[in-house]
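# Structural characterization, general
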Amino acid sequence: MIKKFFIAVLLFFIIVNSFSFKSSHHSTNKEIKQHRYSNKGLHITSKGTIKALAVFIQFLNDSTHPESSEWPINRSPVFLNTYLDSAENQFSAPWSFSDYFKKMSFDSLRIIGKSYFYITRYNEKYYRDTLRLGNSEYGEVNKEALKSLDSLIDFSLYDNWTFKSNSHIDTSDGKVDLIIFLYRNSKYPPGEAAQGIAVAGYGKDLILDKKIIKFGFPGSGITNSGGWQGMKGTLRSMKHEFGHLLFGAGHPAYFNAGSKGQILFLGIWGIMPIPGFCANAYEKERLGWIKLTDVKKNGSFNLPDFAATGTALRIPVKGRRNEVYILENHQQISIYDSEIDRDGGKGLMIYKVIGSGNHPVYHVQAADGKFDWINYWTHHPWSADSLDSLPVYTRLSSNKNGYSIRDWIPHNKPNYLNGKFQIFLMDDDGPGGKPFYVYEGWKGDGKAAFNFDGTEIFAPWTNPGTDYNSNLSIVLREQKNTSIKVECFVEEITLTENTVFPPGELEFSNNVVIPEGTTLTISEKTLLNFKNGSSLIVKGKLVDNRKFE
Ligand SMILES: [Zn+2]
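Conventions we followed
- Residues numbered from 1 in each chain as written.
- Predicted model: local features only at pLDDT ≥ 70, side-chain atom pairs only at ≥ 80, totals over all residues.
- Helix = DSSP H or I, 4+ residues; strand = E, 2+ residues; numbered from the N terminus.
- Contact = placed C-beta atoms within 7 Å.
- Buried ≥ 20, exposed ≤ 12 C-beta atoms within 10 Å, placed from the backbone.
- Pairing = 2+ DSSP bridges.
- Axes fitted to C-alpha atoms, helices over the stretch in contact; angles between N-to-C directions.
- Expected span 1.5 Å × (residues − 1).
- pLDDT = per-residue confidence, 0-100.

This part takes up the overall build of the protein. A tally of helices and strands in the protein yields six helices and 37 strands. Across the protein, the fraction of contacts at a sequence separation of at least 24, relative to all contacts at a separation of at least 6, is 60%.

Right, here's the structure in full:
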């Protein structure tokens with residue numbers, strides 16, 4: 001525990017850059033070593049050590065998922081003592097809450113503590129129906145569990161921080177810092193999907209051992225269900241709910257999703273996005289866990305594995321405020337690098353971030369490109385509503401202005417389902433196949449990464465291509481072990497190999513250089529538009545197939 005002191009009688013000066021407070025003239029000369037972590041985490045600190053409680057709850061007579069070896073019925077989960085580290089410098093169990101945030105933060109954020117198991121007094125139906133608590137049941141049950149466990153827990157051990165908006169001090173404030181509630185299975189938060197909510201519940205706070213356990217948001221807890229699936233099976237929801245404490249209420253959006261899409265699946269990885277585990281570079285930078293490398297001039301950059309090192313590039317999109325491309329090399333070395341792209345495609349992931357707040361818009365630039373799509377409709381296979389229908393998508397030809405498999409794709413009933421949908425069902429035109437099959441497009445297709453087996457260039461004339469006339473081109477140069485060397489052209493574009501400009505309109509606002517020994521072929525139906533006095537500089541060979549009238 002931190003030494004107690006009385007803030008009220010002291011005036012403090014913040015010593016900039018020293019992370020310490022000094023007492024002012026009229027008090028003692030003693031320097032008080034307090035850490036202040038500003039602007040890192042909105043409602044909870046993203047740095048330092050949080051001593052947390054985990055409470056694993058099973059409803060009385062829960063008989064669901066008897067097959068679960070992770071959490072057998074009427075017994076504590078097998079991960080009871082591995083979910084939270086008990087000390088800061090111990091080995092953390094893979095997929096544990098402690099391990100995930102330790103690895104994602106590169107040891108900046110340590111969540112340690114102790115876990116308890118509790119079986120409720122009544123079955124779930126009693127809370128929901130007899131007590132008429134319905135979907136608010138978990139809040140009351142959380143209170144019951146804490147009161148029952150009070151004889152075993154000294155809650156005063158779990159108040160070591162004062163969390164204030166974007167500014168956190170490691171001294172107690174009378175409120176318990178973090179309690180993680182996980183249900184073996186419950187209706188709400190719905191257990192099958194391992195979902196959760198970023199509160200301990202709503203209503204009155206609870207006071208135990210003279211410490212306030214704060215209900216409401218932001219409060220002292222987060223609640224999740226689906227614990228029968230084990231640590232890995234619940235982590236995607238757990239990280240998301242804890243993410244609400246770090247990033248606040250609301251959700252990031254996926255490109256072109258619109259408001260309805262925001263709470264659905266996202267085609268990118270992250271703490272907030274589901275399902276990919278690895279915190280993305282935008283989040284990590286915002287939480288103070290990494291520093292991004294800004295690319296402002298032409299140059300070569302060596303990108304080691306992102307999950308292992310936190311190295312990533314950020315390239316502003318010219319002429320657009322608050323739009324950047326971020327480049328991360330994902331080699332799937334870390335267990336948390338899984339589910340970045342279907343079937344573990346490895347390589348350079350490029351995505352655009354639009355916005356600068358806690359919940360930006362993401363758009364993955366899938367290396368296999370954008371396409372035209374058509375759809376027909378089928379009855380929603382798992383919906384009780386007979387009118388509920390879903391689009392079944394078919395991918396047509398490549399189109400630079402189309403949509404990638406991760407995007408929200410317009411369908412042919414414009415006023416239905418927000419006018420577009422993330423791919424859930426794909427048409428199966430294979431021999432003897434079903435008319436459609438489940439293919440969750442937001443999980444990618446295993447070809448989203450730029451690598452030497454697939455796409456090596458991201459440029460104005462490629463698909464996917466750099467847009468808004470950003471004049472950005474990125475070329476993969478070589479890969480050594482798990483490191484990828486990329487060359488970025490942000491000032492002028494130099495062709496790095498023989499290149500064909502495809503049909504369609506290409507706009508440039510910086511010079512395009514054809515170096516000696518390189519051939520540029522312009523297709524018959526290419527329309528070139530050079531803006532701001534820029535032009536094509538030919539030092540090599542130009543084959544111009546356009547027909548001018
Ligand atoms: Zn959420």
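This part covers unusual backbone geometry. Glycine aside, residues mostly have negative phi, and peptide bonds are mostly found in the trans state. Cis rather than trans, the peptide bond between Phe-217 and Pro-218 has omega equal to -10°. Examined against the element boundaries, Pro-218 turns out to sit in the loop between strand E12 (211-213) and strand E13 (221-224). Cis peptide bonds are those with omega within 30 degrees of zero, and the linkage from Ile-274 to Pro-275 qualifies with 10°. Along the chain, the position of Pro-275 falls in the loop between strand E14 (253-254) and helix H5 (281-286). Of note, the phi angle at His-65 is positive, near 45°, even though the residue is not glycine. Topologically, His-65 is positioned in the loop between strand E5 (48-58) and helix H1 (97-104). Residue classification places His-65 among the partly exposed residues on the basis of 18 C-beta atoms within 10 Å.

Looking at the secondary structure, you find Val-78 in the loop between E5 and H1. On the neighbour-count criterion, Val-78 (14 C-beta atoms within 10 Å) is partly exposed. Excluding residues within four positions of it along the chain, Val-78 makes contact with Glu-70 and Trp-71.

Once that is clear, we can look at H1. Side chains that are three or four residues apart share a direction in an α-helix, a result of its 3.6 residues per turn. Among the eight residues that make up H1, six are buried, leaving the element largely enclosed by the rest of the structure. What H1 keeps buried is the set Phe-97, Ser-98, Asp-99, Tyr-100, Phe-101 and Met-104. The inward-facing, buried residues of H1 contact strand E6 (109-119), strand E9 (179-183) and helix H4 (230-247). One or two residues past the end of H1 sits Phe-106, with phi positive at roughly 50°.

What follows is about the sheet that holds strand E21 (residues 371-379). Strands sit in the order E21-E22-E25-E26 across an open sheet of four strands; the sheet is mixed. Either end of the sheet is taken by a strand with one partner, and the two such strands are E21 and strand E26 (436-438). This sheet shows a mean twist of 35° between the axes of neighbouring strands, independent of strand direction. Where E21 meets strand E22 (residues 389-398), eight bridges bridge the pair, whose relative direction is antiparallel. The residue bridging Thr-378 from the neighbouring strand is Leu-390, located in E22.

In spatial order, the strands read E31-E34-E37; together these three strands make up an open sheet with parallel pairing. Where the open sheet ends on each side, the last strands, each with one partner, are strand E31 (499-501) and strand E37 (541-544). On average, each strand axis in the sheet is inclined to that of its neighbour by 15°, with strand direction left out of account.

The terminal C-alpha atoms of helix H3 (residues 137-149) lie 18 Å apart, and with 13 residues this matches the ideal 18 Å at 1.5 Å per residue to within 8%. Of the residues making up H3, those classed as buried are Glu-137, Tyr-138, Gly-139, Val-141, Asn-142, Ala-145 and Leu-146.

You can see Val-490 is positioned in the loop between strand E29 (483-489) and strand E30 (493-494). For Val-490, a count of 19 C-beta atoms within 10 Å puts it in the partly exposed group. Expressed as a C-alpha distance, the spacing of Val-490 and Asn-510, which sit 20 residues apart in the sequence, is 9.0 Å. Beyond its immediate chain neighbours, meaning those up to four positions away, Val-490 contacts Val-295, Lys-296, Lys-297, Asn-298, Ile-315 and Leu-472.

Within the secondary structure layout, Gln-229 lies in the loop between E13 and H4. Residues Gln-229 and Trp-71 lie 158 residues apart in sequence; the distance between their C-alpha atoms is 7.6 Å.

When the pLDDT values of the protein are averaged, the result is 87; 88% of them are 70 or greater. This stretch, residues 1-32, has a pLDDT under 50; its non-local contacts, to residues over four places away or in other chains, come to 28 contacts.

Another point: the pairing of strand E17 (residues 313-316). With burial as the criterion, only one face of E17 is covered, namely that bearing Leu-313 and Ile-315; the residues Arg-314 and Pro-316 on the opposite face remain uncovered. As defined by bridge partners, strand E15 (residues 293-294) adjoins E17 across two bridges and the pair is classed as parallel. Within E17, the position partnered with Asp-294 by the bridge is Arg-314. Direction of pairing for E17 relative to strand E18 (residues 323-330): antiparallel, over a ladder of four bridges. When the bridges of E18 are listed, Arg-314 appears paired with Ile-326. Counting the residues in the hairpin turn of E17 and E18 gives six residues, including Gly-319, whose phi is positive at 80°.

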